[in-house]
Amino acid sequence: MSTAPAFPTVADRLPVFPWDRLEPYKKTAAAHPDGIVDLSVGTPVDPVPELVQKALIAAADSPGYPTVWGTPELRDAITGWVGRRLGAQGVTHRHVLPVVGSKELVAWLPTQLGLGPGDRVAYPRLAYPTYEVGARLARAAHEVYDDPTELDPEGLKLLWLNSPSNPTGKVLDKAELTRIVAWAREHGVLVFSDECYLELGWEADPVSVLHPDVNGGSYDGLVAVHSLSKRSNLAGYRAAFLAGDPAVLGPLLEIRKHGGMMTPAPTQAAVVAALGDDTHVREQRERYAARRTALRAALLGHGFRIEHSEASLYLWATRDESCWDTVAHLAERGILVAPGDFYGAAGERFVRVALTATDERVRAAVRRLG
């Protein structure tokens, strides 16, 4: 008999990893004579911009440890970008913090904030699954909302906003964000706003909680999360950052120093280059816009209905049936999509269709849907 100490199993703490359930459908789609069109995971497929690659290569000789807070050049790049792109005012180095990709941050934030049993974390009813994972890892309670201002603020320590939404592409407008921020401040609730798709507004112009019209010129109790994975095709670089309340970011910096959570030095140099250039972002937007137009028309022609999807990298689509029936239907045509119930029970009749496939693969999907 084993004398090893007993530890809680992964199953005791975390939900089943959702993507494993998609494997049989992936095999079906892969058997298509013309190959699979994978529109399930939103992973970039286009090249890393050349100026970013050059910056990474130039910093390849980095034998020493990087700093958790990043180089002064990186912090300058972040503060400059949030001012130029988001309209944030008065942002200093104390207002920013690089992170090792945004998923790591989402998963470990409640733990790093010191949350635990008796504390509550809330996130949208349809949402990125890692918000729940983060709460579970900290052993905090978690709950979903339609309107966060209807939550009981007692014990609510962390409120996640996500605009533009993953998976639905829904955007919270300036008035809605302002109302939510005011409510959170009134009740002492910390707001983290996941804005990783903010550069990808199509029928809406997404606004950050860092905009003075939303926060009244104060960052108290507010932190925005941004990523370069989608805007700059840097998912493989693990490049993201936080911007907002120094009273929150200062302690997070110290905790992350203890944990050794350092963005690699070559990635830091690459981020400086990426945030300093808007041309490659416009070019990538144009690629996604063309793919979105083609896929949207093909899905509508195939009998789908599309809801929200006014921003982000996805189309939130339904045939008014179980999402798994839709996944199976498309897999038979060699197209793989994500079932909506990955993002919450409210998505059980929807699928998420990613725009992240090459132009050639998107054309193949359009033909098959036709």
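Residues numbered from 1 in each chain as written. Predicted model: local features only at pLDDT ≥ 70, side-chain atom pairs only at ≥ 80, totals over all residues. Heavy atoms only, no water.

*Asks:* I keep staring at the overall build of the chain and nothing clicks. Help me out?
*Replies:* In terms of helices and strands, the chain carries 13 helices and 13 strands. The C-alpha atoms of the chain give a radius of gyration of 21 Å, which matches the 21 Å a tight globule of 370 residues would have. Considering only C-alpha atoms, the chain reaches an extent of 55 × 55 × 50 Å along its principal axes. Buried residues in the chain amount to 54% of all 370 residues. (Helix = DSSP H or I, 4+ residues; strand = E, 2+ residues; numbered from the N terminus. Rg over C-alpha atoms; globule rule 2.2 N^0.38 Å. Buried < 20%, exposed > 50% of the residue type's maximum accessible area, 1.4 Å probe, protein only.)

*Asks:* Before we go on, may I ask you to explain the side chain of Gln284 in this structure?
*Replies:* Counting through the fold element by element, Gln284 comes out in helix H11 (residues 279–301). Engagement of the side chain of Gln284 in a polar contact is seen with the side chain of Asp46, the distance being 2.8 Å. Those residues in contact with Gln284 that sit more than four places away from it in its chain are Asp46, Lys230, Arg231, Asn233 and Arg291. (Polar contact = N/O pair within 3.5 Å; in protein donor to acceptor, adjacent residues only side chain to side chain. Contact = heavy atoms within 4.5 Å.)

*Asks:* For this particular structure, what's the right way to read the packing of aromatic side chains?
*Replies:* Two aromatic rings are characterised by how far apart their centres lie and by the angle between their planes. Scanning the model with the defined rule gives 11 aromatic pairs in all. Both rings, one in Tyr25 and one in Trp324, keep their centres 5.3 Å apart while their planes meet at 40°; by these two values the pair is tilted. Note that Tyr25 is positioned in helix H2 (residues 23–30) and Trp324 in helix H12 (residues 323–331), a separation of 299 residues in sequence. Owing to a relative accessible area of 23%, Tyr25 belongs among the partly exposed residues under this scheme. Judged by its relative accessible area of 14%, Trp324 is buried. Between Phe342 and Tyr343, the ring centres sit 6.4 Å apart and the planes meet at 55°, which makes this aromatic pair tilted. Each member of the pair, Phe342 as well as Tyr343, is classed as buried. Put simply, the rings of Trp19, Tyr25, Trp324, Phe342 and Tyr343 touch in pairs and so form one group of aromatic residues. Lying across the ring of Trp69, Arg75 places its NZ or CZ 3.8 Å from the centre. One Lys or Arg, Arg352, reaches over the ring of Tyr314 and ends 3.7 Å from the middle of that ring. (Phe/Tyr/Trp six-rings, centres within 6.5 Å; stacked < 30°, edge-to-face > 60°. Lys NZ or Arg CZ within 6 Å of the ring centre and 35° of its normal.)

*Asks:* Would you explain the packing of helix H4 (residues 72–86) against helix H10 (residues 265–275) in this entry?
*Replies:* When two helices pack together, you describe them by how their axes are tilted relative to each other and by the distance separating the axes. For the pair H4 and H10, the least separation of the axes is 9 Å and the interaxial angle reads 30°. Between H4 and H10, the angle is such that the two are roughly parallel. H4 and H10 meet at a crossing whose hand is left-handed. Here H4 contributes Glu73, Leu74, Ala77, Ile78, Trp81 and Arg84 to the contact with H10, which in turn contributes Gln268, Val271, Val272 and Leu275. (Axes fitted to C-alpha atoms, helices over the stretch in contact; angles between N-to-C directions. Parallel < 35°, antiparallel > 145°, perpendicular 65-115°, else oblique. Left-handed = near helix turned anticlockwise from the far one by under 90°.)

*Asks:* Any chance you could explain the pairing of strand E6 (residues 190–194) here in plain terms?
*Replies:* The side chains of a regular strand alternate between the sheet's two faces. With five of five residues buried, E6 lies mostly within the body of the structure. Burial of E6 is two-sided: the residues Leu190, Phe192 and Asp194 facing one way and the residues Val191 and Ser193 facing the other way are all buried. Pairing between strand E5 (residues 156–162) and E6: five bridges, direction parallel. Following the sheet pairing, Leu159 is matched in E6 by Val191. Each parallel crossover has a hand, and the one from E5 via helix H7 (residues 174–186) to E6 is right-handed. As judged from the four bridges shared by E6 and strand E7 (residues 222–227), these two strands associate in the parallel manner. Pairing of Asp194 across the sheet is with Val225, part of E7. (Pairing = 2+ DSSP bridges. Right-handed = clockwise from strand over helix to strand, strands pointing away.)

*Asks:* Explain the sheet that holds E6 here, please?
*Replies:* Across a sheet, paired strands are connected by hydrogen bonds in the backbone, their directions being either parallel or antiparallel. Read across the sheet, seven strands follow the order E2-E8-E7-E6-E5-E3-E4 without closing on themselves; strand pairing throughout is mixed. The sheet is open, and its two edges are formed by strand E2 (96–99) and strand E4 (141–145), each paired on a single side. The sheet shows a mean angle of 20° between the axes of neighbouring strands, direction not considered. For strand E3 (residues 120–124) and E5, the ladder comprises three bridges, and the chain directions are parallel. Considered in E5, the bridge of Val121 is made with Leu158. Packing of H7 onto the sheet brings it into contact with E5, E6 and E7, and relative to E5 it is tilted by some 170°. Its contacts with the sheet put helix H9 (residues 246–259) on E2, E6, E7 and strand E8 (240–244), and the angle it makes with E2 is roughly 40°.

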